[in-house]
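# Fold and geometry: a report
Given next are the chains, with one letter for each unit.
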Amino acid sequence: MSEKIKNVADDSYQQDVLEAQGPVMVDFWAPWCGPCRMVAPIVEQLAEEYAGQVTFAKVNTDENPDVPGRLGIRGIPTLIFYLNGEEVDRLVGFAPKPVLKKKLDAILSETKK
């Protein structure tokens, strides 16, 4: 996994995601999930492309059930997009790279206003 992606746990979610400044994309996944394995390399590519602009985080839902439970996550992968700690978008299931780039670009354009 890219060093540009943070592994976030239940006990660090508040600090790593909700208190982070700027855009954050969180990938909720599990090792047994096929679509999660399909989206993982895309998330890694995006983490490289958006380095310094967007924080990328992953939460293993098997090891960290509390946060996904609190956020009402029922299916994985779920990608949640935050801006300054506020959820601004959510995507459930596999999405191709252009869809994710469009969402990230929209959030980044909000930060420039």
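These numbers were taken from a predicted model, which means no experiment stands behind them. (Residues numbered from 1 in each chain as written. Predicted model: local features only at pLDDT ≥ 70, side-chain atom pairs only at ≥ 80, totals over all residues. Heavy atoms only, no water.)

### Some points on the pattern of salt bridges
Within this structure, the stated rule accounts for 8 salt bridges. The salt bridge involving Lys 6 is made with Asp 16; its shortest N-O contact spans 3.9 Å. You can see Lys 6 sitting in strand β1 (residues 5-7) and its partner Asp 16 sitting in helix α1 (residues 13-18), a full 10 residues away along the chain. A relative accessible area of 37% places Lys 6 in the partly exposed class. Residue Asp 16 is classed as buried on the basis of its relative accessible area, which comes to 17%. Salt bridges sharing partners connect three or more residues here, namely Glu 3, Lys 4 and Glu 48. (Salt bridge = Lys/Arg side-chain N within 4 Å of Asp/Glu carboxyl O. Helix = DSSP H or I, 4+ residues; strand = E, 2+ residues; numbered from the N terminus. Buried < 20%, exposed > 50% of the residue type's maximum accessible area, 1.4 Å probe, protein only.)

### Topic: the nonpolar core
Ranked by internal contacts, the top residues of the largest apolar core, which has 19 residues, are Phe 56, Phe 81, Leu 100 and Leu 104. For this core, the secondary structure elements donating two or more residues are α2 (34-49), β4 (78-83) and α4 (97-111). Of all the elements, α2 adds the most residues to this core, at 5 residues. Discounting chain neighbours no more than four positions away, the residues touching Phe 56 are Lys 4, Ile 5, Lys 6, Met 25, Val 43, Leu 46, Ala 47, Tyr 50 and Leu 104. (Core = buried A, V, L, I, M, F, W, Y, C linked by side-chain atoms within 4.5 Å. Contact = heavy atoms within 4.5 Å.)

### Re the environment of Asn 84
Here Asn 84 is to be found in the loop between β4 and β5 (86-92). On the accessibility criterion, Asn 84 (44% relative accessible area) is partly exposed. The contact partners of Asn 84, leaving out residues within four places of it in the chain, are Leu 18, Ala 20, Gln 21 and Gly 22. Separated by 2.6 Å, the side chain of Asn 84 and the backbone nitrogen of Gly 22 make a polar contact. (Polar contact = N/O pair within 3.5 Å; in protein donor to acceptor, adjacent residues only side chain to side chain.)

### Brief notes about the side chain of Asp 27
With respect to the helices and strands, Asp 27 occurs in strand β2 (residues 23-29). A relative accessible area of 0% means that Asp 27 is categorised as buried. Discounting chain neighbours no more than four positions away, the residues touching Asp 27 are Val 39, Val 43, Ala 57, Lys 58, Val 59, Pro 77, Thr 78 and Leu 79.

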